[in-house]
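The lines below spell out each chain.
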Amino acid sequence: MNKVMRAARTRAKIHGTEERPRLSVHFSNLNVTAQIIDDDKKVTLAYATTIGSKITGTKTEKAAAIGTEIAKKAKSKKISKVVFDRGAKIYAGRMNALAEAARKEGLEF
């Protein structure tokens with residue numbers, strides 16, 4: 001219940017638009033998923049995941065690889081600025097690794 005409330009509190013303040021879409025990140029026990037979403041049109045603009053990919057290593061290394069991949073996909077769609085949606089997770093560890101890797105590739109948030 002607390003996790004749902006934290007995620008709702010975060011998302012209440014964050015809204016992706018066409019100019020600044022939302023970068024949503026999800027961590028499962030084994031995989032990392034990142035999406036860039038335009039909430040106005042309710043459409044996913046870019047998507048990257050470790051499910052079915054050859055990315056190996058620790059979950060922190062997987063997160064960094066997905067951060068790099070989602071930033072490259074965003075660049076190809078001419079997206080340079082996003083709003084970072086961390087959900088119920090704190091901004092540390094894996095979340096930080098993903099964000100820093102995306103910033104290194106040129107994504108601004």
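So, here is what we can say about the structure in this document.

Thresholds applied
- Residues numbered from 1 in each chain as written.
- Predicted model: local features only at pLDDT ≥ 70, side-chain atom pairs only at ≥ 80, totals over all residues.
- Heavy atoms only, no water.
- Helix = DSSP H or I, 4+ residues; strand = E, 2+ residues; numbered from the N terminus.
- Rg over C-alpha atoms; globule rule 2.2 N^0.38 Å.
- Buried < 20%, exposed > 50% of the residue type's maximum accessible area, 1.4 Å probe, protein only.
- Pairing = 2+ DSSP bridges.
- Axes fitted to C-alpha atoms, helices over the stretch in contact; angles between N-to-C directions.
- Contact = heavy atoms within 4.5 Å.
- 1 Å grid on protein atoms, 1.4 Å probe; cavity = no way out; pocket = protein on both sides within 12 Å on 5 of 7 lines; lining within 4 Å.
- Points joined across faces, edges and corners; volume = space filled by probe spheres on them.
- Nonpolar A, V, L, I, M, F, W, Y, C, P; charged D, E, K, R; others polar.
- Salt bridge = Lys/Arg side-chain N within 4 Å of Asp/Glu carboxyl O.

### So, the overall build of the protein
(1) Moving on: Each helix and strand in the protein was counted, giving 3 helices and 4 strands.
(2) Moving on: Start at the N end of the protein and walk to the C end: the helices and strands fall as α-β-β-β-α-β-α.
(3) Moving on: A compact globule built from 109 residues would reach a C-alpha radius of gyration of about 13 Å, and the protein, at 13 Å, matches this within 12%.
(4) Moving on: Counting only C-alpha atoms and orienting by the principal axes, one finds that the protein spans roughly 40 × 35 × 25 Å.
(5) Moving on: A total of 109 residues make up the protein; the buried ones form 39% of that total.

### Re the sheet that holds strand 3 (residues 43-49)
(1) Moving on: If you walk across this open sheet you meet the 4 strands as 3-2-1-4, and the pairing is mixed. Pairing within the sheet leaves two strands with one partner each, and these edge strands are strand 3 and strand 4 (83-85). Between one strand axis and the next, the sheet turns by 20° as a mean value, whatever way the strands run.
(2) Moving on: Relative to the sheet, helix 3 (residues 94-104) contacts strand 1 (22-27), strand 2 (32-38) and strand 4, its axis offset from that of strand 1 by approximately 140°.

### With respect to the environment of G93
(1) Moving on: One can find G93 in the loop between strand 4 and helix 3.
(2) Moving on: G93 gets classed as partly exposed once you look at its relative accessible area, which sits at 49%.
(3) Moving on: Placed 81 residues apart in sequence, G93 and A12 show a C-alpha to C-alpha distance of 24 Å.

### Examining the layout of surface pockets
(1) Moving on: What the largest pocket holds in volume is close to 160 Å³.
(2) Moving on: Every residue along the wall of the largest pocket is listed here: K3, A7, R11, V25, H26, F27, R86, G87, A88 and K89.
(3) Moving on: At the level of elements, helix 1 (2-13) and strand 1 are the ones that each hand at least two residues to the lining of the largest pocket.
(4) Moving on: Looking at the lining of the largest pocket, its residues break down into 4 nonpolar, 2 polar and 4 charged.

### Describing the pattern of salt bridges
(1) Moving on: If you walk through the whole model with that rule in mind, you get 5 salt bridges.
(2) Moving on: Note that D39 and R22 form a salt bridge whose closest N and O atoms lie 2.9 Å from each other. A residue pair is termed long-range when its members are at least 10 positions apart, and D39 in the loop between strand 2 and strand 3 and R22 in strand 1 qualify at 17 residues. Each member of the pair, D39 as well as R22, is classed as buried.
(3) Moving on: Where D85 meets R22, a salt bridge forms, and the shortest distance between an N and an O atom there is 2.8 Å. In this pair, D85 sits in strand 4 while R22 sits in strand 1, placing the two residues 63 residues apart along the sequence.

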